[in-house]
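# Coordinate analysis (summary)
What follows is the residue order along each chain.
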Amino acid sequence: MSINALRHFLPVDPKLSDDEVIAEWKKRTQSVCKPCWELKYCPYGPLVEEFPLPPVVRNQALEHNEYLKKCLQDNVLGDGSPLDEERRLNFQEMVGAFKEEDYPESISSVDEESSCTIFGHLCPVFFVNEPFTETAEMRRIGRYIPFNIKIRVARRDNYTCQICGKHLRDDELEFDHIIPVSRGGSTEEHNIRLACFDCNRSKSANVDI
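Note that this is a predicted model, so its numbers are computed, not measured.

### Topic: the side chain of aspartate 157
Take aspartate 157: it is sitting in the loop between α8 (147–156) and β1 (174–177). Take aspartate 157: its relative accessible area is 8%, and that puts it in the buried class. Beyond its immediate sequence surroundings of up to four residues, aspartate 157 is in contact with Gln162, Arg193 and Leu194.

### Some thoughts on the environment of isoleucine 22
Summarising the element assignment, isoleucine 22 is placed in helix α2 (residues 18–31). According to the relative accessible area criterion, isoleucine 22 is partly exposed, its value standing at 34%. When the C-alpha atoms of isoleucine 22 and isoleucine 3 are compared, they prove to be 7.5 Å apart, with 19 residues separating the residues in sequence. Not counting residues within four places of it along the chain, the set of residues in contact with isoleucine 22 comprises Ile3 and Leu6.

### Side note on the packing of aromatic side chains
Applying the stated criterion across every chain yields a total of 1 aromatic pair. Each ring, one from phenylalanine 98 and one from tyrosine 103, has its centre 5.5 Å from the other, and the planes form 20°; the classification is stacked.

### Some words on the confidence of the model for the protein
The predicted model of the protein has a mean per-residue pLDDT of 81, with 83% of residues at 70 or higher. Within the model, the stretch residues 130–138 combines pLDDT values under 50 with 12 contacts to residues more than four positions away or in other chains.

### What about the pattern of salt bridges?
Inspection of every chain in the model, using the stated rule, returns 12 salt bridges. The residue glutamate 66 makes a salt bridge to lysine 69 at a minimum N-O spacing of 3.0 Å. One end of the pair is glutamate 66 and the other is lysine 69, both in helix α4 (residues 58–74) and 3 residues apart, which spans about a single turn. Accessibility expressed as a relative area gives 35% for lysine 69, which makes it partly exposed. Put simply, Lys166, Arg169, Asp171 and Glu172 are held in one network by salt bridges that share partners.

### Re the pairing of β1
Burial of β1 is two-sided: the residues Glu174 and Asp176 facing one way and the residues Phe175 and His177 facing the other way are all buried. By the bridge criterion, 4 bridges tie β1 to strand β2 (residues 192–195) in an arrangement that is antiparallel. Counted as the bridge partner of glutamate 174 is alanine 195 from β2.

### Details of the nonpolar core
Core analysis: the largest hydrophobic core is formed by 15 residues, its most contacted members being Leu6, Leu10, Val21, Trp25, Val125, Phe126 and Phe127. Listed by contribution, the elements that provide at least two residues to this core are α2 and α7 (125–128). Considering each element in turn, this core owes the most residues, 3 residues, to α7. Each residue touching leucine 10, except ones within four places of it in the same chain, is listed here: Val21, Glu24, Trp25, Arg28, Phe126 and Phe127. Among the nonpolar cores identified, the runner-up in size contains 7 residues, and Ile145, Ile149, Ala154 and Phe175 belong to it.

Calculation criteria
- Each chain has its residues counted from 1, running along the sequence as written.
- At least 70 in pLDDT is required for a residue's local features to be given in this predicted model, at least 80 for side-chain atom pairs to be given and counted, and no such filter applies to totals for whole chains, interfaces and linings, which use all residues.
- Based on all heavy atoms of the structure, the side-chain values leave hydrogens and waters out of the count.
- Per the convention used, a helix needs a DSSP run of H or I reaching at least four residues, while a strand needs a run of E reaching at least two, with both numbered from the N terminus.
- Using a 1.4 Å probe on the protein chains alone, a residue whose accessible area is under 20% of its type maximum counts as buried, one over 50% counts as exposed, and one in between counts as partly exposed.
- In what follows, residue pairs with any heavy atoms lying within 4.5 Å of each other are defined as contacts.
- The rule is short: rings of Phe, Tyr and Trp, with Trp giving its six-membered ring, pair when the centres are within 6.5 Å, and they are stacked under 30 degrees, edge-to-face over 60, tilted in between.
- For every residue, the pLDDT score states the predictor's confidence, bounded by 0 at the bottom and 100 at the top.
- The term salt bridge refers to a side-chain nitrogen of Lys or Arg lying within 4 Å of a carboxyl oxygen of Asp or Glu.
- For two strands to pair, DSSP has to find at least two bridges joining them.
- Residues enter a nonpolar core if they are buried and are Ala, Val, Leu, Ile, Met, Phe, Trp, Tyr or Cys, with the set joined through side-chain atoms within 4.5 Å.

Shown next, in the form of structure tokens:
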């Protein structure tokens, strides 16, 4: 995907260099879950089509350009129907503007793996995380849990392990990611719960909701 498209869709500081923007994109695609992988459901639906497509690779672009030239030469479309004047002008413009070097020889594995399996567009979850839902804040990604979230979770869960029900002292509190960070879980209050030492260690990277 072009750097201009990344800058347009990613909520990044415009002062960042191209390399820093690309690094941010790679970071997001590595650490943010893709709902369709595990939940088999897309919360974005048709909105996916509002996001960019991966770039067309060079051999595909060359093949399409040859098709356009053949249509112009034979005065018919690929299905045998006549080439109307509007399409002729459009095809001539595209052939005239075609530059082989504008197309990459291949797309990166990041772009390929970030594409929607249904629509083909790059998945919105890597760009916006949650702005289409309840908040415009970026999801917190990582294992560090801010102190204010720890306090709210401890009060909400009444100092009780949410797995086995054991009441916990202040020095026994452990904070468990319901959806593990390793599987794309965010470090936000709704994905954090209290757990005792034994339950937290036995859970490992399993999802237990």
